[in-house]
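Geometric and topological summary
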Amino acid sequence: MELTFLSPLYARQGPFACVYVDTSRDVEDPDRAIELRRRHLKEELEEQGADPATTGTLTRTVGTDQDVPGPHGQAVFAAHGRLALAEELPRPPARDRARFTMVPDAMPLALQHAPDIPYAAVVMRRVPEAGRETAQQDLEVELQTGRWPVARVAAGGRTLRRVPAGDWRQEAGPVAGELAELAGRGEAETIVLSGDLWARGVLTRELPGRLRERVVGIESDGRAAEPGRALLEEELDYLFRGRANTRDQERIEAFRARTARGGGAAEGLVAVVEALRAGRADALLVNDPADLSVRLWVGTAPKQIGLSEAELNAYGVHSGWEEPADAALLRAAVGTRAELVVVPREELPTTDGLGVLLRGSGTGA
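Basis of the calculations
- Residue indices begin from 1 for each chain and proceed along its sequence in written order.
- Where local features are concerned, this predicted model is filtered to residues with pLDDT of at least 70; where side-chain atom pairs are given and counted, the filter is 80 or more; whole-chain, interface and lining totals use all residues.
- Hydrogens and water are ignored here; the side-chain numbers use all heavy atoms of the structure.
- A fitted line through C-alpha atoms serves as each axis, taken over the contacting stretch for helices, and the angle formed by two N-to-C directions is quoted from 0 to 180°.
- Every helix listed is a DSSP run of H or I at least four residues long, and every strand listed is a run of E at least two residues long, numbered separately from the N terminus.
- When describing relative orientation, an angle under 35 degrees is termed roughly parallel and one over 145 degrees roughly antiparallel, while 65 to 115 degrees is termed roughly perpendicular and anything else oblique.
- Definitions for this section: a left-handed crossing has its near helix turned counterclockwise from the far helix by less than a right angle. A right-handed crossing has that turn clockwise.
- We call two residues in contact whenever any of their non-hydrogen atoms come within 4.5 Å of each other.
- Each residue's exposure class comes from its accessible area (1.4 Å probe, protein chains only) as a fraction of the maximum for that residue type: buried when under 20%, exposed when over 50%, partly exposed otherwise.
- Here a strand pair is declared whenever DSSP counts at least two bridges between the two strands.
- Within this document, salt bridges are pairs made up of a side-chain nitrogen of Lys or Arg and a carboxyl oxygen of Asp or Glu, the two lying within 4 Å of each other.
- As used here, the term nonpolar core means buried Ala, Val, Leu, Ile, Met, Phe, Trp, Tyr and Cys residues forming a set that is joined through side-chain atoms within 4.5 Å.

- Where an unreviewed UniProt entry is consulted, the protein appears under the name Peptide chain release factor 1, with the organism given as Streptomyces thermolineatus.

Shown next as structure tokens:
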């Protein structure tokens, strides 16, 4: 998974006020619940030394996602009185979290982006013919693209077409062309088709061969998604559970192969820190659930990272401080253009929950 979405965050200097907050709308009186959370977060940040301008900016942002229905959350970062980054979370955090720190507390946000699978979804449902009381039916076709799971709360715009069902063989070609364009623009790895079985078959035959190979047909009740939520949300959650996107899966297989032959990859905190400090990390592998409870020493630059103050000093950095390992490692990964691969612990357990693919060792297995 590329980490460019975090680049705006690291373009600023700290300290940062960072919060993860449940802003779900599927509770009784959600506005009151969010206001209480907002107050508690502000108090926590003030106790940690955050300045009023920064906490004010942050708390004014919390809850501004009221147009997103259902369960979700927000990750908000502010520094020196200005908003640095705000993103919707596809899942509300298990508990609200507030930190005032020099290095942004961004790993929970990165983990919520995984597995970052680009897809296109299509639902085809039969409805009564528009404006007429007749046994004839129209075919309603709804298209949407996104990246899973962020698409739960930040899906792409929907395209809706309605045509007489009897004309579908003629109309399927233009719809397939539109779908191919959307899928190409979003680099969709999976084309998910749901709804009327006959209509799905006609559309599939009209798709270019390269896309037909990516088609997955699923059954659904055909209900329309709420505005602000992903089309086929529950079905996609089941379909993509435990999967990785194509690029990440290649990285996982390369890590296995290189580890087996003893070169080009390593695991454990010590090896990962060394690779990031040297700018040799091509991809950082993190087990999920992550357990990075240790702290590392860092300097002002992303590559200034060490296991101890003495280690940092040995590399010429004499003004370092301690930070949680997850925040320090992620900053170093973004700063050295390494990618992040989130791997379920049961699929590939690694020492300390960490692994690294090294640059200059080939891209394949």
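Focus on the packing of helix α2 (residues 30-47) against helix α3 (residues 52-61)
- Axis separation between α2 and α3 bottoms out at 10 Å; the angle between their running directions is 160 degrees. Relative to α3, the element α2 lies roughly antiparallel. Our pair here, α2 against α3, has a crossing hand that is right-handed. Facing α2, whose interface residues are Arg38, Lys42, Leu45 and Glu46, α3 presents Thr55, Leu58 and Thr59.

Brief notes about the environment of Asn313
- Inspection of the secondary structure assignment puts Asn313 in helix α12 (residues 309-314).
- Look at Asn313 and you get partly exposed, because its relative accessible area is 28%.
- Considering only alpha carbons, one finds Asn313 and Gln112, 201 residues apart in sequence, at a separation of 34 Å.

A word on the sheet that holds strand β2 (residues 73-79)
- The sheet built from 4 strands is open, its strands ordered β3-β2-β1-β4 with antiparallel pairing. In this open sheet, the two edge strands, each paired with only one partner strand, are β3 (82-89) and β4 (97-101). Strand-to-strand twist of the sheet, defined as the mean angle between neighbouring strand axes without regard to direction, takes the value 10 degrees.
- As paired strands, strand β1 (residues 16-22) and β2 are joined by 7 bridges and run antiparallel to one another. Residue Val21 lies in a different strand from β2, and its bridge partner there is Gln74.
- The strands touched by α2 within the sheet are β1 and β4, with β1 carrying the most contacts at an inclination of about 150 degrees.

Digging into the pattern of salt bridges
- A full pass over the atoms with the stated rule returns 30 salt bridges.
- Here Arg158 and Glu142 are joined by a salt bridge, their closest N and O atoms 3.2 Å apart. On the criterion of sequence distance, the pair formed by Arg158 in the loop between α5 (151-154) and β7 (159-164) and Glu142 in strand β6 (residues 137-148) is long-range, its members being 16 residues apart.
- Salt bridges sharing partners connect three or more residues here, namely Arg125, Asp138, Glu140, Glu142, Arg158 and Arg162.

Describing the nonpolar core
- Among the nonpolar cores identified, the biggest contains 48 residues, and Leu6, Phe77, Leu329 and Leu340 are the most heavily contacted of them.
- The residues contacting Leu329, other than those within four sequence positions of it, are Leu269, Val272, Val273, Leu276, Leu284, Leu292, Leu296, Ile305 and Leu354.
- By size, the runner-up hydrophobic cluster in this structure holds 23 residues, among which are Leu139, Leu143, Val163 and Leu207.

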